[in-house]
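# Secondary and tertiary structure notes
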Amino acid sequence: MKKIKKILIANRGEIAIRVMRTCRELDIETVAIYSEADRTSLHVRYAHEAYYVGKAPSSESYLNIDKIIEIAKRSNADAIHPGYGFLSENAVFATRCEQEGIIFIGPSPEVIVRMGDKIKAREAMTAAGIPVVPGTDGEIETEEEVLAVIEEIGLPVMIKASAGGGGKGMRLVKKHSEVVSAVRAARSEAKSAFGNDAVYIEKYITSPHHIEFQIMADQHGNTVHLFERECSVQRRHQKMIEETPSPLMTAELREKMGNAAVEAAKAVNYYGAGTIEFLVDNELNYYFLEMNTRLQVEHPITERVTGIDLVKQQIYVAEGRELAFKQEDLKQKGHAIECRVYAEDPDNNFMPCAGKVYKISTPLGLGVRTDGYVYEGYEIPIYYDPMISKLIVWGKTRNEAIARMRRALYEYKITGVKTSIKMLERVMNNENFISGNYDTHFIEKNEEQLLSKAPKKDPIDMVIIATLIDYLDKIGSTEANTKEFTPAQSRWKKIPYVNHF
Amino acid sequence: MKKIKKILIANRGEIAIRVMRTCRELDIETVAIYSEADRTSLHVRYAHEAYYVGKAPSSESYLNIDKIIEIAKRSNADAIHPGYGFLSENAVFATRCEQEGIIFIGPSPEVIVRMGDKIKAREAMTAAGIPVVPGTDGEIETEEEVLAVIEEIGLPVMIKASAGGGGKGMRLVKKHSEVVSAVRAARSEAKSAFGNDAVYIEKYITSPHHIEFQIMADQHGNTVHLFERECSVQRRHQKMIEETPSPLMTAELREKMGNAAVEAAKAVNYYGAGTIEFLVDNELNYYFLEMNTRLQVEHPITERVTGIDLVKQQIYVAEGRELAFKQEDLKQKGHAIECRVYAEDPDNNFMPCAGKVYKISTPLGLGVRTDGYVYEGYEIPIYYDPMISKLIVWGKTRNEAIARMRRALYEYKITGVKTSIKMLERVMNNENFISGNYDTHFIEKNEEQLLSKAPKKDPIDMVIIATLIDYLDKIGSTEANTKEFTPAQSRWKKIPYVNHF
Amino acid sequence: MAIEIKIGDRIAWVNLLKQDGNILEVDVDGKVYEVDLMHTADGTFSILENGHSYNIELVPEAEPKKYTAYTLYDTFDVQVIDAEARYLRNRNANGASSVENKVTSPMPGKVVKVLVSEGDVVKEGETVVIISAMKMESEYKAPKDGVVKKVYVKDEDTIDGNQLLIELD
Amino acid sequence: MAIEIKIGDRIAWVNLLKQDGNILEVDVDGKVYEVDLMHTADGTFSILENGHSYNIELVPEAEPKKYTAYTLYDTFDVQVIDAEARYLRNRNANGASSVENKVTSPMPGKVVKVLVSEGDVVKEGETVVIISAMKMESEYKAPKDGVVKKVYVKDEDTIDGNQLLIELD
């Protein structure tokens, strides 16, 4: 067993900081890499060491294998944690790490290749007796091929990046006229996200539930699951809200799917943290969708109900330790929900919205966790994912968790950029969500309530008064702060004396 | 059963916000009161309604019973939550609430009188068969009386405020020469904190552990305990760090003391949340010390290991509901630690240190909770308690919790005022604390390590360089920002182009 | 001092009647409010009105005297219309440059592809530019039938928010 | 540009040799560093030096050119000693007003009781003023034997940090 002393985190944003936090708790030194757009990003400042990796576009920085390996060697890192996205499911990278004697914190390159290739993954699952989503074989090389395949299996279909994940490089096609632009867009996204623009086609299942199981396995053949996550609230095929337990789940189904997930992992000699994604229909039939051979964005809800730090376990497994717990030691305690906060405009088709953050109030107190990375004055770059923070709450019951999430979202204020926060609040007030009655079409089906603004109980006249005062203050402002050296000031405007009603 | 719809919080600071958070989760409207010093304090801005209650000194504001009752009636509040300190253990106030038809969220006035009078409390406990701390009867009226009592029972003794709690109005006396100033100081503190300057004397037990049990009881005779809190890390007789479970505790002792605590509560027909404080010696003998008939500062660690929102339970009990759980439903899961962050100077005898907060970085991520109320630019008033925040962490084991607390304290940066943060970090690195080997004299016994600064692995030359640049920037600053209207700016200094090594 | 303030579609007439430190008397469209108002230079407002506690954050926009206002439940576009603003507005009204001729990008991003050239004939709804921001591509379409008058960007350009991309005739 | 910077007990001589945007070459007491330095106007510094990432927060004190510096492990008092500061320092040195004659309060608070009057004879260690801040009372004692020359505060006064309370002869 090799004790890891220094880890390079080949990522940015909230996940880089998430990993570094656990490293600090384990007394492991951290090495950050940063692109030209990220010199003042928080992960650079949180790390013990930080090195420039390349230009802003990810293909020249966070996907630059040679440069990352060079930095790892230069800084004497024992191991590399890839986070999610970028190189986390890149077998070439995992192989390079192995060749250079650097521990890749993740499964073996062989498993990444096999599970990353969605076709091969389906074959492996079928062999292990696990039902798979109906679909076609093989990857698609040209747009003409797509049209040919659609002729065969009919519409609607999903165009999916073969190397995909995290909802990137996916497009639903309902009409022939959409094919060309859908393929081009999926390709282009896949290229910049994964460095691989191959896509394939899958039959589109109507009204499914997206439920996944968290797997943790060591290098000694011990494999457990850490229960399910319900991830059906999605927009643009990207998860928006996750919860555990799933409102759909029964104890029997949980055991059956959990065992299937463990079997699936064992079938490919999996080790580390991984996720088996299933589609579940309303009759509770489930189909293997894909395996993500990395940490998921939504891993914190599993951490909250099981009490297991998944990053710590990833590092322990990478060191070669045996898992310290067995399946029977694991319990789901209470209910956890995660809301992803995106810099985007929910009123405008969820269009990503880069820009400068003006002010932030972070929700705190009982049962609330935030994993974010932006700060006041931070300029969100246009080059990367629009997710700026994750808000995770826990409650003894699902109702308590929903009420707490509503409270936390109320407290969460990020100004200067458009975000999904108010939209997420509306989900927490949605009757179908509250009753647990939703599938992956939740957003479309509840569009009217979700996109309509709340009745105006708002103090519009107070906004007008505030604006007036700010305006008068600015035009009358003669006290331009030109003093060179000034100590800390109260930010509240000085008035000669404070009155009270 | 009366559903409470609106609660006035007769408090300020972090506990006012703590209570309001749960109110928001329960859809209960909140009414804040504020003194002249608190117009821009966070609890005023968090509440639905806010009313001015009086001048800055607490005797004229947060202890002003008439005015608070007037505001409660004017705002149509159904109930008043007193928090801790101020009027939380004031029977006159509880009685007034009852007379005015306002629910006081706490026990009956009779119980407050009985347990607030430490002498009567001791009598009740002795009658219930619970061992009490050896001490003298009766309150002390004059300083001469004190000297007479000391003649009888000998030194050292503790001077304690009869109405005391939270470490206020307590003074240890070892020498005769200290008596006069100790009594005067204890009195004066008690007067301003509780509006009652009566003090009494108790024999001082050497090297005790301060361990308390959380009680929750409804108005239907159901009483449970929510396990212990170890509160021995204290300075100036005020708690600094609390944890649960206690490193000293055994399963047998826990059951014995837990039962004693439940018996103690039942003996006085207690309802609501309360705490039975015990002194425990190294032979694991325990003595009833006092009962706090209110929420404790350190309640969050109990919430974390039991999953119970104590404020929610307080409100439910006040509404007349039965407890939804029995003793056997309660379990301690994992380990929780709380560090209290005071605005004080640990290098200067923990002297309180008011002033303006410059910047704050709040620790976030897995297993971390903060309950605070100060913000950037906030001016901490000189009139109230110096505690500005509580940092609570959870870990699966005590070691994981300590490592996490260390990480969280590392992330916690409050500049502009002196705080206890670095001192708390040194406790987390103290060998005796890590091995669980400590009593109430922990700080004195470990003074050398706790007050010495860490070896200078610090980048002093980097501080010098930063200062140089700031200086050059300010003297060369011709770009005084005199523009009236400017949009959000990145706060990082603009440079023509960013270079990288 | 009375001015007009535009909030959403509403234009309110507002007048500060009296100011005694933090206690203000303000007339908004004929309704008189007495408020206790505290604020910071960077736009954080705490207003107490008739017991109620209101928090408002004003974020200045790039254009002077324009704000985005954040309240508990909503976000508003706010604009102060003083004498100067009225003058500018009147002057622009004479210029009559219709917005409908222009394709602009509301967000910063990168130009993936410009699909038209100057002089091209385009139909309403036809994609003219593709912009990529934060891994998502958006297609910008012609707002009406017309002829491309001017193309302001080219492939690979990095663009700011509210930047003009294409002008039609 | 070379200046002196006092940090704790050390006085360092520091010289900015070269500046290329964020890349600086700085000489500190003869040791030359190449650093990548980014900072905000309000004193947040991110410095990369030889791969290491350092975070420093500079908080300006009431006195010009004085800071409190916060690093990962410690807090430092820092002062820039430029020509002006040197001049002032030399001038004060001639004035020779000894600190040991004065009782000052480092923190803001409220005067509970002044126990001496002008002309009183006091002994070293004798309590002269009681200050209350945040519910705790502190006793301020005479720094040496002497006679009270001047009393600057009275009971119930609210005082600032670093305020002079009593002067002895």
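Residues numbered from 1 in each chain as written. Chains lettered and ligands numbered in written order. Predicted model: local features only at pLDDT ≥ 70, side-chain atom pairs only at ≥ 80, totals over all residues. Heavy atoms only, no water.

A word on helix α17 (residues 460-475) of chain B. Here α17 of chain B contains 16 residues, and its C-alpha end-to-end distance of 23 Å stays within 8% of the 22 Å for a straight helix at 1.5 Å per residue. A large share of α17 of chain B lies buried, amounting to 14 of its 16 residues. (Helix = DSSP H or I, 4+ residues; strand = E, 2+ residues; numbered from the N terminus. Expected span 1.5 Å × (residues − 1). Buried < 20%, exposed > 50% of the residue type's maximum accessible area, 1.4 Å probe, protein only.)

Attention now goes to the side chain of Glu243 of chain B. All names here are of chain B. Looking at the secondary structure, you find Glu243 in strand β11 (residues 238-244). Glu243 sits in the buried class, given a relative accessible area of 0%. Only 2.7 Å separates the side chain of Glu243 from the side chain of Arg398, close enough to count as a polar contact. Leaving out residues up to four positions away in the same chain, Glu243 has contacts with Arg229, Glu230, Ile301, His335, Ala336, Ile337, Arg398, Phe433 and Tyr438. (Polar contact = N/O pair within 3.5 Å; in protein donor to acceptor, adjacent residues only side chain to side chain. Contact = heavy atoms within 4.5 Å.)

All names here are of chain C. Taken together, the 4 strands give an open sheet; going across it, the order is β9-β16-β14-β11, and neighbouring strands pair in antiparallel fashion. At either margin of the open sheet sits one strand with a lone partner, and together these are β9 (102-105) and β11 (121-122). With 2 bridges joining them, β11 and strand β14 (residues 146-151) adopt antiparallel strand pairing. Residue pairing in the sheet places Val122 in a bridge with Gly146 of β14. (Pairing = 2+ DSSP bridges.)

Looking now at the domain arrangement of chain A. Residues and elements named next belong to chain A. Partitioning chain A into structural domains gives domain 1 (6-112), domain 2 (134-203), domain 3 (209-450) and domain 4 (459-489). Facing the 10 residues of domain 2 at the interface are 7 residues of domain 3. Run the count over domain 2 and domain 3 and you get 0 salt bridges. Taken together, the links from domain 2 to domain 3 amount to 0 residue pairs in polar contact (both at pLDDT 80 or more). (Domains from an automatic or database assignment. Salt bridge = Lys/Arg side-chain N within 4 Å of Asp/Glu carboxyl O.)

The subject of this paragraph is the sheet that holds strand β11 (residues 121-122) of chain D. In space, the 4 strands of this open sheet follow the order β9-β16-β14-β11 (chain D), with antiparallel pairing throughout. Looking at the sheet topology across the chains shown, the edges are occupied by β9 (102-105) and β11 of chain D.

Okay, the packing of helix α7 (residues 143-153) of chain A against helix α8 (residues 179-194) of chain A next. Residues and elements named next belong to chain A. Across the interface, α7 lies against α8 with an axial gap of 10 Å and an inter-helix angle of 120 degrees. With respect to their mutual orientation, α7 and α8 come out oblique. For the pair α7 and α8, the crossing hand works out as right-handed. Residues Glu143, Val146, Leu147 and Ile150 of α7 form the contact with α8, whose own contacting residues are Val179, Val180, Val183 and Arg184. Tallied by class, residues from the contact of α7 with α8 come to 6 nonpolar, no polar and 2 charged. (Axes fitted to C-alpha atoms, helices over the stretch in contact; angles between N-to-C directions. Parallel < 35°, antiparallel > 145°, perpendicular 65-115°, else oblique. Left-handed = near helix turned anticlockwise from the far one by under 90°. Nonpolar A, V, L, I, M, F, W, Y, C, P; charged D, E, K, R; others polar.)

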